[in-house]
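# Observations on chain architecture
Spelled out from the first residue to the last, the chains are:
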Amino acid sequence: MDELSILNELRKYRDMDLDYEDGTILGSMCTKPHPLTRKISEMFFETNLGDPGLFKGTRELEKQAISMIGNVLGNKDAFGYIISGGTEANLTAMRAFKNVSKKSGKSLNIIIPETAHFSFDKAKDIMDLNVIRPPLTKYFTMDVKFIRDYVFDNPNKISGIVGISGCTELGSIDNIAELSKIAVDNDILLHVDAAFGGFVIPFLYDKYKLKNYRYEFDFSLEGVSSITIDPHKMGLAPISAGGILFRNNSFKKYLDVDSPYLTEKQQATLIGTRSGVGAAATWGVMKLLGTSGYKKIVNDSMEKTYYLTRKLREYGFKTAIDPVINIVSIVDEHKNETCAKLRENGFHVSVSRCVDALRIVIMPHIEFEHIDIFLDCLSNTKRY
Ligand SMILES: CC1=C(O)/C(=C\N=C/Cc2ccc(O)cc2)C(COP(=O)(O)O)=CN1
């Protein structure tokens, strides 16, 4: 085949994919990347941060991107990497937990909520974590009184806590401020999974903040040791661009392995060969949008979230919780059937595991008219 026929053949497959701009993708936490990142991808498409001595400029951009994200998270000394995604970021944090615990002689007992993303199931499988699941409050956050008592009753037995800032299914935000105090009081590591919430919560207008939640989650809380925050979700960077940040580079020794044949003699990331596109695109889109740009994106999404929630109630639907961030959970005891029918009608929603509800994520590609069309489709689906 010559190049043109290869491209024509590939186009046939690409045309089978859905398009964010159609407004029918309602269950995704990714969206159309910012147009600037297309040019950046082209510029950096052959770079390899797995051998950074060959790509010193790209490595510098990764460091600056981490520093920019660190500034958003209240820590200019943050250490970390722009990696494949939130899964790799969470695995990396658990790997650091495991190695710190090994050094301190603590057993690998980690408190992780049921609302955690399934990447922690992979971490448990790979690293034999002993996971403790605390009870949840009616706001789908961990019961911090239970955690404080449990840690007190099991001195020196808990090596880490994972808190979620914007959980995958419902968007709930754990009480990180309280978890931070527990972590400091008991010399426990605290990892915050803000894969989705990290590019939402710092930019959220107060008028969208609910009184039942504590929104602080970043390094300004003394007990937070690491944070997952993904530019390829609400950061508008292209896939793959996940982020893992640690409070400082003292954590690097818990991640490094010798990499004798590379330009750097030690490598900390799980993935070896890795494109520099994610790092460069994160740098570019953050420079372009800045705080005001992300505030506009986030609060426009919240406006649409509130619009959907208001209209749902007019149609007689209920939400499992009031929207904490741009995620809406529509109570539906027949969630799987409804999800299938909506899909037959061209709408791609997802379902929650922890409640009987449809899960809608109002990403920047969703417009008000998309919401109106979806609501009509949902209402017709539920009528019969
Ligand atoms: C709190 C948290 C998450 O909501 C999460 C992913 N979430 C959602 C990933 C997703 C993206 C697009 C799509 O169409 C469907 C799902 C991950 C893993 O992030 P990933 O490895 O980049 O997918 C970690 N933590």
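Cut-off values and rules
- Residue indices begin from 1 for each chain and proceed along its sequence in written order.
- Where totals are concerned, whole chains, interfaces and linings use all residues; where local detail is concerned, this predicted model gives features only for residues with pLDDT of at least 70, and gives and counts side-chain atom pairs only at 80 or more.
- Computation of side-chain values: all heavy atoms of the structure, hydrogens and water removed.
- UniProt positions are given in the numbering used here, feature names are shortened, and annotations may be inferred rather than shown by experiment.
- Going along the chain from the N terminus, every DSSP run of H or I of four or more residues is numbered as a helix, and every run of E of two or more is numbered as a strand.
- Should any heavy atoms of two residues lie within 4.5 Å, those residues are counted as being in contact.
- In protein, a polar contact means a hydrogen-donor-capable atom and an acceptor-capable atom, both N or O and within 3.5 Å, with residues adjacent in sequence counting only if both atoms are side-chain atoms; elsewhere, any N or O pair within 3.5 Å suffices.
- Pairs of strands are assigned from DSSP output, requiring at least two bridges between the strands.
- Fitted lines through C-alpha atoms serve as axes, helices being fitted only where they are in contact, and the angles separating the N-to-C directions of these axes extend from 0 to 180 degrees.
- Proximity is defined per residue: if any heavy atom of the residue lies within 4 Å of a molecule or strand, that residue is considered near it.
- In short, Shrake-Rupley with a 1.4 Å probe defines the accessible areas, and a residue's cover is counted only from the protein chains shown.
- Each residue gets one label: Ala, Val, Leu, Ile, Met, Phe, Trp, Tyr, Cys and Pro are nonpolar, Asp, Glu, Lys and Arg are charged, and the others, such as Gly, are polar.
- In this entry, domain limits derive from an automatic or database-based domain assignment.
- Using a 1.4 Å probe on the protein chains alone, a residue whose accessible area is under 20% of its type maximum counts as buried, one over 50% counts as exposed, and one in between counts as partly exposed.

Per UniProt, the recorded name for the protein chain is Probable L-tyrosine/L-aspartate decarboxylase, and the organism is Methanococcus vannielii. Regarding the protein chain, the relevant UniProt record gives this comment under Function: "Catalyzes the decarboxylation of L-tyrosine to produce tyramine for methanofuran biosynthesis. Can also catalyze the decarboxylation of L-aspartate to produce beta-alanine for coenzyme A (CoA) biosynthesis." Checking UniProt for the protein chain, the heading Sequence similarities contains the comment "Belongs to the group II decarboxylase family. MfnA subfamily."

UniProt's feature table lists "modified residue: N6-(pyridoxal phosphate)lysine" at K233, given in the numbering used throughout. Here K233 shows up in the loop between β6 (226-228) and β7 (242-246). Every residue in contact with K233, bar those within four places of it in the chain, is listed here: M29, T31, G86, A195, F196 and M363. A polar atom in the side chain of K233 sits 2.5 Å from the side chain of D230.

Turning our attention to the sheet that holds strand β2 (residues 109-111). Here seven strands make up an open sheet; going across it, the order is β1-β7-β6-β5-β4-β2-β3 and the pairing mixed. Looking at the sheet topology across the chains shown, the edges are occupied by β1 (79-83) and β3 (130-132). Strand-to-strand twist of the sheet, defined as the mean angle between neighbouring strand axes without regard to direction, takes the value 20°. On top of the sheet, helix α6 (residues 144-153) reaches β2, β3 and β4 (158-164); it is set at about 170° to β4, its chief contact.

Before going further, it helps to spend a moment on the site of the ligand. By nearness alone, 15 residues border the ligand, and T87, T168, D193, H232 and K233 come closest of all. Separating an oxygen atom of the ligand from a side-chain N or O atom of T87 is a distance of 2.6 Å. A distance of 2.8 Å separates an oxygen atom of the ligand from a polar side-chain atom of T168. A total of 560 Å² of accessible area belongs to the ligand in isolation, and the protein chains cover 75% of it. Residue composition of the shell around the ligand, by class: three nonpolar, nine polar and three charged. Two domains each donate at least three residues to the shell around the ligand, and these are domain 1 (3-34 + 291-383) and domain 2 (35-287).

Turning our eyes to something else, we now look at the environment of V72. Relative to the helices and strands, V72 is located in helix α3 (residues 56-72). Note on V72: relative accessible area 26%, which makes it partly exposed. Taking the C-alpha atoms as reference points, V72 and F219, separated by 147 residues in sequence, lie 9.6 Å from one another. What V72 contacts, discounting residues up to four positions off in sequence, is P202, F203, D218 and M286.

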